[in-house]
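Secondary and tertiary structure notes
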Amino acid sequence: MLEGKKIFISGGAGVIGSEMVDTLLSQGADLFVGDLKACPEKWSGRLNFRQGDLNYLTMGELVEFQPEYFIHLAATFERSTETYDFWYENFRHNIRLSNHLMSLVKDLKSIRSVVYASSYLIYDPELYIFSDAQCEPTTLKETDRIHPRNLTGMAKLSHEIELRFLSDFKKNEFRTCIARIFRGYGRGSRDVISRWVRTLLSNEEISVYRPDGIFDYVYSKDAAEGLIRLAAAKTEGIVNLGTGRSRKVSEIIDVLKSHFPDMKSVNVDSDIPFEASQADTTLLEKSIGWKPKYDLENSIGEIIEFESSKVAASNSAFGNILVTSSSKKIPLIQSVRKAANKLSSEVQIFGGDQNPNSLSFNYTDDKYIMPETSKDNVDHILSWCLRNNVKYIIPTRDGELNFWSDQKEYFKSNGISVMVSDSGSIQNCIDKYQFSQICEELGLPSIPTAKRISRIESKTFVVKERCGAGSENIGLNLEKFHAQKHAKKLKEAVYQPYIKGKEVSADAYVTKGGIVKGVVIRYRIFVENGESVVTETFQDSKIQEIITESIRKLNLYGHIILQAIVTPDLNVHIIECNARFGGASTLSLAAGLDSFYWFLLESNGHSVENYYFVPSKRQIRQIRAKQDLLVYGDNF
């Protein structure tokens, strides 16, 4: 039906979405699926999956995929009565999300069709809600009056109006179909049928409210099939998606009794009104020549089988993040928060620093005044992390990398992932002489490094500390006499030839499997105290290839920075490697290198193979300037 078509599905790991994806994969469609939930193992390698909050989806990700169809399923709702806190959730994951996604999709040159999963909740409840039990349901037509029943209905109607607005301007570019779905239920759902099945499987009594209520129950497989057919048929406008055959709540109880003969149920008095509704499916059948085939009798058995086999995936809490040596690294912390929000808005970020007045504490959810990162303090640090549900640690200072690499496996055994390479690789990066030797062994184009100046052939020299940050106490472009004099100021000096050229930094993310996920190269235009104050991305396929291959051979993990000199003849001379996120590395995130997000995904056991690296096609310049934070209050 949609073989070979490129389809973007929001909420694709949900109840309807899961059925839809399975069907489309069997049809040979090319899919890009986004959801807060993790990618089911059965889909791995078969589609492009993006886990996380789609409010953070970028245009670059969609441009890379070039979808022809967009099926918008992602939404949030509450089972019956909406709580006070749902005010915020509804805005973020219904109103704001729908607007954001269509803001991206509407300008895609590839898009041909948009299908939106709306709801019958937008119809005026006075049409189908009663104070007394009804013998027959009200059949709701697409032309019936509307008056949203709750916040969810309001959000659905809001986006219907947005789509109607866009169709006036974009009618020659893409079609829009709005499917008003009736009472949905399905495998692994939060609907009343699934909840009752789970309760009965636990040998518990179920509570029944309003057994005389009448609903048009639409099984998730039918909802998915209907949406696919509407997309394929190029249907436009508003269409009811229901069975047109309503059933009483008491009939669900009868079906459950056929599967659970000894079940216990109790009718609970309630002041909630009686619903009696069903869909007029005339337009649905006319549009696509199809109507739902499932009824309660043949679907509830599938739900029981699903729940019995415990196939339903349960997402555990993501846990919290500790950024160590957080100091003044505000842009880094803000980038970590952005990545965490893609997975869960509940994640807390802790700033860890020995300084109790660290500026970073003003930007984190909480603070950890850390002891020295030494072997004696390992259990103290681990104990604190466990108490605060920290599951991810991001070290940010060269001086602590050896500690974290040594303790990486110990923390992992306690359910905590550390974004750091193995100890051998860390030591190779910290020791600049050793790094040079390793590069020579691997055949990498590194700058020669020696412990004695006589080993270096050059008119002028660079002198630096053998271990530690390369920018500290560095001597640049020094003649031999001055180079030897400068070396006496250092603990353990090493020498390199001074090579004239442009300073280049390459930010990269290396997966747990050793795959270089992406590389962003940038010129260091203005450097102060060893840090890039002004830096600018550029593209050069030859340089990119050399750096990517070099990083691959160095056996690193996580975010790393390779420093190099590029001479006027475009030869690359690798200087050193920092196995951590750097001060100016936030530019690489803006250019498409989603390191923190990928780290969090991998830490949760997910492959990032199906997550795009979408490098920016435009140059980006970053100017790192201080920014004031104003906090208002009466008691600080």
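Residues numbered from 1 in each chain as written. Predicted model: local features only at pLDDT ≥ 70, side-chain atom pairs only at ≥ 80, totals over all residues. Heavy atoms only, no water.

**Examining the side chain of Asn578**
By the element assignment, Asn578 lies in strand E30 (residues 572–578). A residue is classified by how much of its surface remains accessible, and Asn578, at 12% relative accessible area, is buried. Ignoring anything within four residues of it in the chain, the contact list for Asn578 reads Asp398, Ile560, Ile561 and Gln563. (Helix = DSSP H or I, 4+ residues; strand = E, 2+ residues; numbered from the N terminus. Buried < 20%, exposed > 50% of the residue type's maximum accessible area, 1.4 Å probe, protein only. Contact = heavy atoms within 4.5 Å.)

**Brief notes about helix H5 (residues 192–201)**
Those residues of H5 that sit buried are Ile193, Ser194, Trp196, Val197 and Leu200. Down the axis of H5, the buried set is contained in an arc of 160 degrees. They therefore lie on one face. Capping of H5 at its N-terminal end is provided by Asp191; its side-chain oxygen lies 2.8 Å from the backbone amide nitrogen of Ile193. Looking at the residues trailing H5, positive phi occurs at Asn203, about 60 degrees. (Arc of directions from axis to C-beta. Polar contact = N/O pair within 3.5 Å; in protein donor to acceptor, adjacent residues only side chain to side chain.)

**Quick notes on the sheet that holds strand E24 (residues 475–478)**
As a general point, the strands of a sheet are linked pairwise by backbone hydrogen bonds and lie either parallel or antiparallel. Spatial strand order, E24-E23-E25: 3 strands in an open sheet with antiparallel pairing. In this open sheet, the two strands that pair with only one neighbour each are E24 and strand E25 (493–497). With direction set aside, neighbouring strand axes in the sheet form an average angle of 25 degrees. Pairing between strand E23 (residues 461–465) and E24: 2 bridges, direction antiparallel. (Pairing = 2+ DSSP bridges. Axes fitted to C-alpha atoms, helices over the stretch in contact; angles between N-to-C directions.)

**Topic: the pattern of salt bridges**
Counted under the stated rule, the structure contains 30 salt bridges. Salt-bridge contacts for Asp107 lead to Lys170; the nearest nitrogen and oxygen are separated by 3.4 Å. With a gap of 63 residues between them, Asp107 in the loop between helix H3 (86–105) and strand E5 (113–119) and Lys170 in helix H4 (residues 151–170) connect regions that are remote in the sequence. Given a relative accessible area of 41%, Asp107 falls into the partly exposed group. Relative accessible area serves as the criterion here: at 16%, Lys170 is assigned to the buried category. Close ionic contact of Lys464 with Glu576 constitutes a salt bridge, the shortest N to O distance being 3.4 Å. With Lys464 in strand E23 and Glu576 in strand E30, this residue pair connects regions lying 112 residues apart in the sequence. Each member of the pair Lys464 and Glu576 is classed as buried. (Salt bridge = Lys/Arg side-chain N within 4 Å of Asp/Glu carboxyl O.)

**Some points on the confidence of the model for the chain**
Interpreting fine coordinate detail is not advised for predicted regions of low pLDDT. The predicted model of the chain averages 93 in pLDDT, with 98% of residues at 70 or higher. Below a pLDDT of 50 lies the segment residues 311–316, which in the model reaches 4 contacts outside its immediate sequence neighbourhood of four places, other chains included. (pLDDT = per-residue confidence, 0-100.)

**Thoughts on the nonpolar core**
As a rule of thumb, soluble globular proteins bury nonpolar side chains together. Ile9, Leu31 and Ile321 are the most contacted members of the largest nonpolar core, which totals 63 residues. When near neighbours in sequence (up to four residues on either side) are disregarded, Ile321 contacts Val336, Ala340, Val347, Gln348, Ile349, Phe350, Val390, Tyr392, Ile394 and Leu600. By size, the runner-up hydrophobic cluster in this structure holds 46 residues, among which are Ala508, Tyr523, Ala564 and Ala579. (Core = buried A, V, L, I, M, F, W, Y, C linked by side-chain atoms within 4.5 Å.)

**Section: a nonpolar patch on the surface**
Residues Tyr84, Trp87 and Tyr88 make up a contiguous nonpolar surface patch of roughly 480 Å² in combined accessible area. By the secondary structure assignment, Tyr84 is in the loop between strand E4 (69–72) and H3. (Patch = residues over 30% accessible without salt bridge, like charges linked within 9 Å, V, L, I, M, F, W, Y side chains within 5 Å. Areas by Shrake-Rupley, 256 points an atom, 1.4 Å probe, with all protein chains shown as cover.)

**Concerning the sheet that holds strand E2 (residues 30–35)**
Here we have 7 strands laid out as an open sheet, ordered E3-E2-E1-E4-E5-E8-E13, and parallel in their pairing. Of all the strands in the sheet, the pair left with one neighbour each is strand E3 (48–51) and strand E13 (237–241). The average angle at which neighbouring strand axes cross in this sheet is 15 degrees, direction not considered. Here strand E1 (residues 6–10) runs beside E4; their pairing, made up of 4 bridges, is parallel. The residue bridging Ile7 from the neighbouring strand is Tyr69, located in E4.

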